[in-house]
Amino acid sequence: MVDFDKLRTQKKKPKVIEPTEIFRRLPKPPGINDLYTSQAEVLNAWFLRRMERDIVVKLHTGGGKTLVGLLMAQSTLNETSEPVVYLTPTVQLVKQTLEKAKALGIHVVPYERGQALNDDFVNAKAIMVGTYKALFNGKSKFGLRGDPHPQRVGAVILDDAHAAFSVVRESFTLEVDADNDRDRYESLAGLFRNAFKQTDKLGTFDDVVSGSEYSVLEVPYWAWHEKLDTVRQQLRGDSEKYALVWPLLRDNLHLCHALINRRSFTITSMLPLVNLFPTFFEASRRIYMSATIADDSDIVRMFDADPALVKKALTSRSLAGVSERMVLIPDLMPFSFDVQEAVRKLLDWVAKQNFGAVVLVSSDPAAERWADVGEVAKGSTEVEALVNALQERKMFGPVVFANRYDGIDLPGDSCRLLVMSGLPSGTSSYELFRASSLYGGVTITRMLAQRIEQGIGRGARGSGDHCVVLLVGSDLAGWIAKEANFQFLTSATKAQLEIGSEISKEVGDLKDLAQTIKRSLDRDQAWIEYHAETLAELVDETKPDSVSFLMAAGERKAINLWGDGYLEQAIARLEKVIADDAVDLQTRGWMEQLAARIADRWGHKERAEELQRQAYGHNRNLTRPMVLPPYRPLSVPGTQTNSIVREISGYRLRRGIIQAFEDIVANLDKNASANQFEKALADLALLIGFSAERHDTNGEGPDVLWLLPGKTGLVIEAKSRKKAKNALTKTEHGQLLVAAEWFAKNYKGYECVRVSVHPKNKATKAAVAGASHALTYEKLAALVDDARTLLTSLSESQLSGDSLVVECERILSQSSLQADRLVATYFVPFEESE
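Below you will find a few notes about this structure.

What counts, and at which threshold
- Residue positions are given per chain, counting from 1 as you read along its sequence in written order.
- The predicted nature of this model means local features are confined to residues of pLDDT at least 70 and side-chain atom pairs, given and counted, to a pLDDT of 80 or more, with totals for whole chains, interfaces and linings taken over all residues.
- Heavy atoms throughout the structure, all of them, feed into the side-chain values; hydrogens and water do not.
- Definition of nonpolar core: a set of buried residues of the types Ala, Val, Leu, Ile, Met, Phe, Trp, Tyr and Cys, connected through side-chain atoms within 4.5 Å.
- Each residue gets one of three labels from its accessible area relative to the maximum for its type: buried under 20%, exposed over 50%, partly exposed in between, using a 1.4 Å probe on protein chains only.
- Counting from the N terminus, the helices are DSSP H or I runs at least four residues long and the strands are E runs at least two residues long.
- Expected span of a helix, by definition, is 1.5 Å for each gap between consecutive residues, and there is one gap fewer than residues.
- It is the directions from the helix axis to the C-beta atoms whose arc is reported.
- Any two residues whose heavy atoms approach within 4.5 Å at even a single point are treated as in contact.
- With a 1 Å grid spanning the protein atoms alone, the term cavity applies to any set of points in which a 1.4 Å probe fits but cannot get out, the term pocket to an open set with protein on both sides within 12 Å along at least five of seven lines, and the term lining residue to any residue with an atom within 4 Å of a point.
- Grid points are joined across faces, edges and corners, and a volume is the space filled by probe spheres set on the points.
- Following the grouping adopted for this structure description, the nonpolar residues are Ala, Val, Leu, Ile, Met, Phe, Trp, Tyr, Cys and Pro, the charged ones are Asp, Glu, Lys and Arg, and the polar ones are all others, Gly among them.
- Strand pairing is assigned whenever DSSP detects at least two bridges linking the two strands.
- The axes used here are C-alpha line fits, helices contributing only the stretch in contact, and every angle between their N-to-C directions lies in the interval 0 to 180 degrees.
- The term salt bridge refers to a side-chain nitrogen of Lys or Arg lying within 4 Å of a carboxyl oxygen of Asp or Glu.
- Side-chain atoms alone can form a polar contact between residues adjacent in sequence; in general such a contact is a pair of N or O atoms within 3.5 Å, and within protein one must be able to donate a hydrogen while the other accepts it.

This part is about the nonpolar core. Grouped together as the largest cluster of nonpolar side chains are 97 residues, with contacts concentrated most on Phe 401, Leu 471 and Trp 706. Of all hydrophobic cores here, the second largest spans 96 residues; its members include Leu 87, Leu 188, Phe 192 and Trp 246.

This next bit is on helix H35 (residues 730–746). Taking 1.5 Å of rise per residue, the 17 residues of H35 would be expected to cover 24 Å, and the 24 Å separating its terminal C-alpha atoms lies within 8% of that figure. Taken as a whole, H35 has its buried residues at Glu 732, His 733, Leu 736, Ala 739, Ala 740, Trp 742 and Phe 743. Take H35 and look down its axis: the buried residues cluster within an arc of 170 degrees, on one side only. Exposed side of H35, more than 90 degrees from the buried face: Lys 730, Thr 731, Glu 741 and Lys 745 are the residues found there. The elements touched by buried residues of H35 are strand E17 (691–694), strand E18 (704–708), strand E19 (712–718) and strand E20 (751–757).

So, on to empty space enclosed by the protein. Under the counting rule described, the total for this entry stands at two cavities of 30 Å³ or more. Empty space within the second largest cavity amounts to approximately 80 Å³. Every residue lining the second largest cavity is listed: His 257, Met 270, Glu 555, Ile 559, Trp 590, Gln 593, Leu 594 and Arg 597. Those elements that provide at least two residues to the lining of the second largest cavity are helix H28 (546–563) and helix H30 (585–602). If one sorts the elements of the lining of the second largest cavity by residue count, H30 sits on top with four residues. Of the residues contributing to the lining of the second largest cavity, the split by class is four nonpolar, two polar and two charged.

The six strands are arranged E17-E18-E19-E20-E22-E23 in an open sheet whose pairing can be described as mixed. Only two strands of the sheet have a single partner each, and these edge strands are E17 and strand E23 (828–829). As judged from the seven bridges shared by E19 and E20, these two strands associate in the parallel manner. What sits directly across from Glu 717, in E20, is Ser 756. Across the sheet, helix H34 (residues 674–687) lies against E17, E18, E19 and E20, angled at about 165 degrees from E17, the strand it touches most.

It is possible for side chains of opposite charge to pair when their charged atoms get near one another. With the rule as written, the count across this model stands at 45 salt bridges. Across the pair Asp 200 and Arg 624 runs a salt bridge, and its minimum N-O distance is 2.6 Å. With Asp 200 in the loop between helix H10 (193–198) and helix H11 (202–210) and Arg 624 in the loop between helix H31 (605–618) and helix H32 (640–649), this residue pair connects regions lying 424 residues apart in the sequence. Residue classification places Arg 624 among the buried positions, given a relative accessible area of 10%. With its nearest N and O atoms 2.6 Å apart, the salt bridge here joins Arg 597 to Glu 218. Taken together, the positions of Arg 597 in helix H30 and Glu 218 in strand E7 (residues 217–218) put the pair 379 residues apart, joining distant regions of the chain. Each of Arg 393, Asp 413, Arg 416 and Asp 465 takes part in a single network of salt bridges with overlapping partners.

Within the chain, Arg 393 stands out as a residue other than glycine whose phi angle is a positive 60 degrees. Relative to the helices and strands, Arg 393 resides in the loop between helix H20 (379–391) and strand E14 (399–402). Even without glycine at this site, Arg 523 takes up a positive phi of about 60 degrees.

Position of Arg 286 relative to the elements: it lies in strand E10 (residues 285–290). Judged by its relative accessible area of 0%, Arg 286 is buried. In sequence terms Arg 286 and Ala 682 are 396 residues apart; their C-alpha atoms lie 46 Å from each other. If near-sequence neighbours (up to four positions away) are discounted, Arg 286 is found in contact with Arg 53, Asp 54, Ile 55, Val 156, Phe 280, Phe 281, Phe 303, Asp 304 and Ala 305. Looking at Arg 286, its side chain comes within polar contact range of the side chain of Tyr 288, at 3.4 Å. Within the structure, the side chain of Arg 286 is placed 3.3 Å from the backbone oxygen of Asp 304, a separation counted as a polar contact.

Both faces of the sheet carry side chains from a regular strand, because those side chains alternate between them. Counting buried residues in strand E11 (residues 324–328) gives five out of five residues, a clear majority hidden from the surface. Side-chain alternation along E11 places Glu 324, Met 326 and Leu 328 on one buried face and Arg 325 and Val 327 on a second face that is also buried. In the sheet, E11 pairs with strand E16 (residues 466–472) via five bridges, with the strands oriented parallel. Bridging from a neighbouring strand, Leu 328 pairs with Leu 470 of E16.

Take the environment of Phe 396 next. Considering the arrangement of structural elements, one finds Phe 396 in the loop between H20 and E14. Sequence separation between Phe 396 and Ile 32 is 364 residues, and the spatial gap between their C-alpha atoms is 27 Å. Setting aside anything within four residues of it in sequence, one finds Phe 396 in contact with Ala 351, Asn 354, Phe 355, Gly 356, Ala 357 and Leu 390.

For the rest of this paragraph, the subject is the side chain of Thr 76. With respect to the element layout, Thr 76 can be found in helix H4 (residues 65–80). The buried category is assigned to Thr 76, whose relative accessible area is 0%. Discounting chain neighbours no more than four positions away, the residues touching Thr 76 are Trp 46, Ser 81, Val 84, Gly 154, Ala 155 and Arg 285.

With 13 residues, helix H3 (residues 37–49) extends 19 Å between its outermost C-alpha atoms, agreeing within 8% with the 18 Å of an ideal straight helix rising 1.5 Å per residue. Inspection of H3 places Ser 38, Gln 39, Val 42, Leu 43, Trp 46, Phe 47 and Arg 49 among the buried residues, and these make up the whole buried set. The buried side chains of H3 occupy one side of the element, clustering within an arc of 170 degrees when seen end-on. Those residues of H3 that are exposed and aimed more than 90 degrees away from the buried face are Thr 37 and Leu 48. Among the structural elements, helix H2 (19–25), strand E1 (54–58), H4, E10 and helix H17 (307–310) are those in contact with the buried residues of H3.

Right under this line is the structure:
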């Protein structure tokens, strides 16, 4: 019998190292004849730059990243004769990569738990494929810093690097579960009760620990530093329970956030401590395979990559891999209908035609609200089973996935209708903490843009694939419609949204909407050509945002310097970032708080306190300092008309402001949390042309402050959860009087109107509240209705510029929302209860 393997090995030939030539010599599985132009472009460009330590390779979703990564891995193996490891976020993606490599004849071996590293990998005869957690864990078989013989490699290929950030963070996160380890949870949380008392957060702290409040609290860093030894001593006894994490954190607790929520006490490193893994940190080549997201700076922040190299990401102008997507936003269509009900019927209709129908939502509770539509995927095992069933066409759904914006692939008929419901949100304690800390800043806007794009990419997975995407929910529609947010999306996504916007303007009713979707499903030639031509016209090259790289590199460098003991240099690095005027206030405060944390650990208490006051002054979502910074009064508001027109002009799709409005006023409800209600009240003021802020610092300021043109201030205390039968008490009115005194001190020359949001305008005799006003639930509803009417009229107007200002003046002159009529119309003097 002819031994073909023997014939191959007998031939003396140098190993091929050019990746395109490697591909040319490989056997081709069915369906693969040649490389896409985009694949060839980035492979050739990488080969010229392969000696650079950090290289980002960006291809459109479905553009063949896996093949490109495998060819780079094989090229490195052939050239360096050093081991190569290929990492993916999930076990499912490991399996897909192994199958792809096998079909191409590339020798790969899987990482196997409980076994030594494969000899073929160690001897550089095969590429090892595993998850990120296979490498990044406290008992890593690849070795930790300080081990005598950590595994050296020639390259680490990081597939879906943009989707791996939360996965990698998990490797540096220790969670004490409140249900399964209640004693330890309460013991750790109890260490810091006094710290929350000092910062007037004791009520919130007690509610969180008791399980009645959903907030995520960060332990003030000065208290954390004082108790590090006690925390370490408590956790040492449980070290086996946290065996994969504890070795990474035990000497680095000072470099961690401590977070408390109702479910867990969480300790997570500020940034992943990737320097603890020589296999990764000392690799000659680190290749980050990424989808074409707009912002790559998190690769610097998470993986300590060189920002100068990451900025030079390898991309292709080819549209290969860009799937055909009809992206529609029903909430912004020019006719009124029950969007949720219509979407449910469309999902059912598509599934009955034997096309996959899928819903993506942000959380498990959100998924349950779709349970009447289809099957809700719960847990990783069930998610994988349902994904496989869709891919194999054993079922068509609808299927509902919670927080699966990446890591699942639904090509072809497995998903022809994809519904994204609601704005994506974080699920881990850290993600929720960071989102709340940086709320309103560009950092969170970038994160949301990336999540939305990842979600849209779950359906169609490459050239020749197609999908209809419906973006539903007032929060998501409002976000997409806002010009400032739209700019953070990639060029291809913006182009497809522009296409969808033009289509939406032409949709006249529900029947028309169904027919439009059907044209994609039926492969209507006119639609196909319109999409292809318009996409080619609108897609352009996205330039890296230098400010985001400045912030990411500054934060990462500062933490590295701190970890190495260079505290003064770490603070100086942060101050350099803070000095840049382009850094938004929320991020400026975040950086100043990090500098304060370092100074406190250093023992420079006064410097730490001053930095923390600056941080809190820039970003009031951060930890309140023990000594408060001077209050900065709001600027005098401009004319109400100009302010309203400015808000409307911030939306590229004007109906988006109505969706944003509806998302806001949904929380002006007695069932909303105090935090949600107060935020909604402040946001509503901005939409109707006033200045506003939430304050309530140290019991002095009001819950919410509205400033009206003409030097009038509404000092508002929100008693939104009171029962209708309960009158305003003396104590509650006393809080309002204290807030009014604070206002008089900080806003000299202003008229003060004292307001309590209250079910009825009834107060006890002892309250003596006759000179104060109630915003009753009934009057609040009337205010909301009038605001809706005003904004709807303006958003549906075709006017712009000065003409829109004139129209706004005309409507406002006839509305009770006009500043000089507002108080008399909606705010009712308190009366003594019987």
